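In case you want the letters, here they are:
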Amino acid sequence: MELLRLLLNVVWLVVAGLWLALGYVLAGVVCCLLVITIPFGVASFRMAAYALWPFGRELARRPGSGGASTLLNVVWLIVAGWWLALGHIATAVGLAVTVIGIPLAWASLKMIPVALAPFGNEIVPSDGPRDPWRF
């Protein structure tokens with residue numbers, strides 16, 4: 001299983017991960033220009049690392065996150081989240097054209113929730129095979 005994850009991550013990095021991560025880094029740099037939006041930049045850099053190497057990790061709700069994370073997610077969604085989600089959708093459509101690209105397209109789709117709402121969530125190692133219909 002680890003060898004398969006490594007292989008998928010390497011193919012992902014070459015085919016889609018690098019340009020998606022660059023989108024997150026660009027959003028992070030723009031957000032770090034102002035002092036008040038630095039938390040958005042930090043979250044964007046964290047998501048860039050996830051976009052580079054997604055297999056073997058998944059999104060989990062952070063216990064104890066409350067109203068502040070919801071407010072930050074709303075601002076994030078307006079400023080950068082929907083652009084990044086559109087990038088994931090376009091990448092998934094392009095990858096799903098081939099049979100080999102279908103698992104990669106699925107990985108791109110699984111990143112949409114974190115692209116839309118990074119606050120109050122964390123990226124954790126996955127403990128086993130994923131349920132095929134769960135995002």
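Residues numbered from 1 in each chain as written. Predicted model: local features only at pLDDT ≥ 70, side-chain atom pairs only at ≥ 80, totals over all residues. Heavy atoms only, no water.

Some points on the overall build of the protein
At step 1: Along the backbone of the protein there are five helices and two strands.
At step 2: Reading the protein from its N terminus to its C terminus gives the helix and strand order α-α-β-α-α-α-β.
At step 3: Taken over C-alpha atoms, the radius of gyration comes to 15 Å for the protein, in line with the 14 Å a tight globule of 135 residues would show.
At step 4: Viewed in the frame of its principal axes, the protein has a C-alpha envelope of about 45 × 30 × 20 Å. (Helix = DSSP H or I, 4+ residues; strand = E, 2+ residues; numbered from the N terminus. Rg over C-alpha atoms; globule rule 2.2 N^0.38 Å.)

A look at the side chain of His 88
At step 1: By secondary structure assignment, the location of His 88 is in helix H3 (residues 67-95).
At step 2: In contact with His 88, other than residues within four places in its own chain, are Leu 20, Tyr 24, Ser 108, Met 111, Ile 112 and Ala 115. (Contact = heavy atoms within 4.5 Å.)

As for the packing of helix H1 (residues 2-31) against helix H2 (residues 38-52)
At step 1: Look at H1 against H2: their axes get within 7 Å of each other, and the N-to-C directions meet at 175 degrees. Classed by the angle they form, the pair H1 and H2 counts as roughly antiparallel. (Axes fitted to C-alpha atoms, helices over the stretch in contact; angles between N-to-C directions. Parallel < 35°, antiparallel > 145°, perpendicular 65-115°, else oblique.)

Description of H1
At step 1: Counted at 1.5 Å a residue, the expected span for H1 with its 30 residues is 44 Å, but the 35 Å between its end C-alpha atoms falls short.
At step 2: If you look at H1, its biggest bend is around 65 degrees, right at Leu 13.
At step 3: Along H1, the residues that are buried comprise Arg 5, Leu 8, Asn 9, Trp 12, Ala 16, Gly 17, Leu 20, Ala 21, Tyr 24, Ala 27, Gly 28 and Cys 31.
At step 4: Where the residues of H1 are buried, they touch H2, H3, helix H4 (102-110) and helix H5 (112-116). (Expected span 1.5 Å × (residues − 1). Bend = angle between axes of the 7 residues up to and from the residue. Buried < 20%, exposed > 50% of the residue type's maximum accessible area, 1.4 Å probe, protein only.)

Overview of H3
At step 1: Taking 1.5 Å of rise per residue, the 29 residues of H3 would be expected to cover 42 Å, yet its terminal C-alpha atoms sit only 36 Å apart, more than 12% below that figure.
At step 2: At Leu 77, H3 is bent by approximately 65 degrees, the largest bend along its length.
At step 3: Where H3 is concerned, the buried positions are Ser 69, Asn 73, Trp 76, Ala 80, Gly 81, Leu 84, Ala 85, Gly 87, His 88, Thr 91, Ala 92 and Leu 95.
At step 4: Taken together, the buried residues of H3 touch H1, H2, strand E1 (57-61), H4 and H5.

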